[in-house]
Amino acid sequence: MSDDQGFSRRSVLRTASAAGAGLGIGAAGTPAAAAAAPGTAAAAAATQGESATPPRRGRTMIGVPFDERRTVRVGIIGLGQRGGSMIDLFLALEGVRVVALCDPVREKIERAAKKVTDAGQPAPALYAKGDHDFEKLCRRGDLDFVYVATPWDWHFEMAKAAMKGGKHVGVECPIALELKQLWELVDLSEKTRKHCMQLENCAYGQNEMRVLRMAHEGLFGDLLHGAGAYLHDLRGLMFDPDYYEGPWRRKWHTRLKGDLYPNHGFGPVANYMDVNRGDRAVRISTFGSPSLGLAAYRKEHAPKGDESWKETYVKSDMAISLIQTAKGRVIRLEQDVSNPHPYSRLNILGGTKGVFEDYPPRIYLEPDMSGDEWGDFDGYKEHDHWLWKEHANPPGGHGGMDYIMLFRLTQCMRLGLVPDFDVYDAATWTAPVPLSHASIKANGLPQEIPDFTRGLWKKERPGVDSEKPEE
């Protein structure tokens, strides 16, 4: 859940102003489906998933473990709302040292540096000399992992810089904004032998991990459908000049029509269905509502003369996507941050033996239940993941999932284990950003989701549903 990290207004607008034109239209690995008229050969190819996958440029990163190390040395890029809070969790983890910090806003980087020394660690190196000082951080020889928590249009550049500098990298979502960028990250991860991960905290939520284990234990029977979402009223924050500096997040609503933030909903459901681990997301079709919410909020709350009055919002307030998998399963994604709505990620999973629905959590499983009455999800606590059994009250925000995610990541690095997810998951979970935009522009025409694994999705393998390792 990345937020403002203090990067300059100029740097945000530099790349964002041109981003909408080509996101997923004619990009590498997918047909130009958005430009294809219904009934044409190009439209048929898009619908049937007949596009060339670029040749592999390195060995796969599937199943590649980290090198074992006693201490995980971390560099953090972006120290605003998200990075400024996640540093507390890095400092709370055993065997983790925060070595370097980067943010062009001096006040933010100095506040974060004080947290490091207050935790009893040596003073970190600071990089605050302009928008590209992160490149120097990534070239350091004493870092193992780079954490990126900046505005979205910087994610791709920073992930590339980290891997080229010989570092594993974890990025807040979305990891990139164009299909060609996703392919480049896949290729670079394989070439450099460094993991590039979408740090999807919602995959580590207690409910999500419990449902994941129950699905793998067969309690839902054969899986049929699922749903995930990001329904979060961000109007007040997007018009707050002190929260999203730039205001970079609101600006994206002037450029793209589709789902700007699919990862929180898509990642957990993809895990339930073993996407990239025995199944594959094949195609996506997206429809969008009118774009009215931000303009209505501006009319009520923004003073005349505010810079927001120059903006024209085009992003569909509610973007609804349907994804079909190779096994024929269906995943529904929703995103709306521009209108009144209680927070929800939907988090639904259905199969031949029953269904789970979240917000609020409720379950109906046969033969445990009958009579069309929802059952109590608390009755299935014995299926909790071992991480939640060992960390019943984890520190940090978002119900503790942030801490669980970082604990597990750094545990894998210390013990030399394979990470729970990889660059192929990052690319798959983020692909709906450009593809939903292209689908809406093409009146809902299905868009092919590239096979970033290049055929290796057919092999079953572990993921977030991990076994407890021996320390």
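> Is there a simple way to explain the overall build of the protein in this structure?
The secondary structure content of the protein amounts to 16 helices and 14 strands. The burial tally for the protein puts 61% of its 471 residues in the buried class. Of the contacts made within the protein by residues no fewer than 6 positions apart, 77% connect residues no fewer than 24 positions apart. Only carbon and sulfur atoms are counted for the fraction: they give 50% of the accessible area of the protein, which is about 17900 Å².

> How should I be thinking about the pairing of strand β8 (residues 281-288) in this particular structure?
The side chains of a regular strand alternate, first on one face of the sheet and then on the other. Note: β8 against strand β9 (residues 319-325), 7 bridges, orientation antiparallel. In the strand pairing of β9, S285 is matched with L322. In this sheet, strand β14 (residues 447-448) lies alongside β8 in antiparallel orientation, the contact comprising 2 bridges. By the bridge assignment, R283 is partnered in β14 with E448.

> Just checking my understanding: could you explain the pairing of strand β12 (residues 354-357) for this structure?
Pairing geometry for strand β11 (residues 348-351) and β12, over 4 bridges, is antiparallel. Bridged to I348 within β12 is E357. Where β11 folds back on β12, the antiparallel hairpin that results is connected by 2 residues. Pairing of β12 with strand β13 (residues 362-365) involves 4 bridges; the strand directions are antiparallel. Bridging from a neighbouring strand, E357 pairs with R362 of β13. Hairpin geometry of β12 and β13 is characterised by an intervening segment of 4 residues between the two adjacent antiparallel strands and by a positive phi of about 60° at Y359.

> Looking at this structure, how should I read the pattern of salt bridges?
For side chains bearing opposite charge, pairing can occur when the charged atoms are close. This structure, assessed with the given rule, holds 30 salt bridges. In this structure, R56 engages E190 in a salt bridge whose closest nitrogen and oxygen atoms are separated by 2.5 Å. Here R56 is found in the loop between α2 (41-48) and β1 (72-77), whereas its partner E190 is found in helix α7 (residues 179-192), with 134 residues between them in sequence. Judged by relative accessible area, E190 falls into the buried class, the value being 1%.

> What exactly am I supposed to notice about unusual backbone geometry here?
Negative phi values dominate among residues other than glycine, just as trans dominates among peptide bonds. Cis geometry marks the peptide bond from C173 to P174; its omega dihedral reads -5°. Residue position: P174 is located in the loop between β5 (168-171) and α7. A cis amide bond links E366 to the next residue, P367, at an omega of 5°. In this structure, P367 sits in the loop between β13 and α13 (386-390). Its identity as a non-glycine residue notwithstanding, R193 has a phi of 65°, on the positive side. In this fold, R193 is placed in the loop between α7 and β6 (196-198). A positive phi angle is found at D274, which is not glycine, with a value near 55°. Assignment of secondary structure puts D274 in the loop between α11 (263-272) and β8.

> Any chance you could explain helix α12 (residues 293-301) here in plain terms?
Since the α-helix advances by 3.6 residues per turn, residues separated by three or four positions end up pointing in the same direction. All buried positions along α12 are accounted for by G293, L294, Y297 and R298. Buried residues of α12 fall within an arc of 130° about the axis and therefore sit on the same side. Relative to its buried face, α12 has exposed residues pointing more than 90 degrees away, namely K299 and E300. Tucked into the core, α12 has its buried residues touching α9 (235-238) and α10 (248-251).

> Can you help me understand the sheet that holds β13 in this one?
Backbone hydrogen bonds hold the strands of a sheet together, and the pairing may be parallel or antiparallel. Spatial strand order, β13-β12-β11-β7-β10-β9-β8-β14: 8 strands in an open sheet with mixed pairing. Each edge of the sheet is formed by a strand with only one pairing partner; in this case those strands are β13 and β14.

> Is there a simple way to think about the confidence of the model for the protein in this case?
Detailed conclusions should not be drawn from predicted coordinates in areas where pLDDT is low. The predicted model of the protein averages 91 in pLDDT, with 89% of residues at 70 or higher. Overall, residues 1-50 carries pLDDT values under 50, and its contacts beyond four positions in sequence, including any with other chains, amount to 140 contacts.

> Explain the sheet that holds β5 here, please?
Spatially, β3-β2-β1-β4-β5-β6 is the arrangement adopted by the 6 strands of the open sheet, whose pairing is parallel. Every other strand in the sheet has two partners, leaving β3 (125-127) and β6 as the edge strands with one partner each. Each adjacent strand pair in this sheet contributes to an overall mean axis angle of 25°, direction not counted. Bridge analysis of β5 against β6 gives 3 bridges, and the strand direction is parallel. Pairing of G170 across the sheet is with M197, part of β6. Contacts from helix α4 (residues 106-118) reach β2 (96-102) and β3, with the element oriented near 165° to β2.

> What is the right way to read α4 from this model?
With 13 residues, α4 extends 18 Å from end C-alpha to end C-alpha; this agrees with the ideal 18 Å at 1.5 Å per step. As for α4, its buried residues are in contact with α3 (83-92), β2 and β3.

> Just to check I follow, could you spell out the side chain of R329 for this structure?
In this fold, R329 is placed in the loop between β9 and β10 (330-336). Look at R329 and you get buried, because its relative accessible area is 13%. Separated by 3.3 Å, the side chain of R329 and the backbone oxygen of L223 make a polar contact. Side-chain polar atoms of R329 contact the side chain of D279, separated by 3.2 Å. Look past the residues within four positions of R329 in its chain and what remains in contact with it is L223, L224, M273, D279, I323 and Q324.

> How do you make sense of the nonpolar core when you look at a structure like this?
Here is a general trend for soluble globular proteins: nonpolar side chains tend to be buried in one another's company. L101, F145 and F220 are the most contacted members of the largest nonpolar core, which has 113 residues in total. Among the elements that make up this core, the one with the highest residue count is helix α14 (residues 401-415) (8 residues). Setting aside its immediate chain neighbours within four residues, L101 contacts I76, L79, I87, I109, A112, A113, V116, P124, A125, L126, Y127 and L137. Core analysis: the second largest hydrophobic core is formed by 19 residues, W152, F239, Y244 and Y297 among them.

The rules we used
Residues numbered from 1 in each chain as written. Predicted model: local features only at pLDDT ≥ 70, side-chain atom pairs only at ≥ 80, totals over all residues. Heavy atoms only, no water. Helix = DSSP H or I, 4+ residues; strand = E, 2+ residues; numbered from the N terminus. Buried < 20%, exposed > 50% of the residue type's maximum accessible area, 1.4 Å probe, protein only. Contact = heavy atoms within 4.5 Å. Areas by Shrake-Rupley, 256 points an atom, 1.4 Å probe, with all protein chains shown as cover. Pairing = 2+ DSSP bridges. Salt bridge = Lys/Arg side-chain N within 4 Å of Asp/Glu carboxyl O. Arc of directions from axis to C-beta. pLDDT = per-residue confidence, 0-100. Axes fitted to C-alpha atoms, helices over the stretch in contact; angles between N-to-C directions. Expected span 1.5 Å × (residues − 1). Polar contact = N/O pair within 3.5 Å; in protein donor to acceptor, adjacent residues only side chain to side chain. Core = buried A, V, L, I, M, F, W, Y, C linked by side-chain atoms within 4.5 Å.

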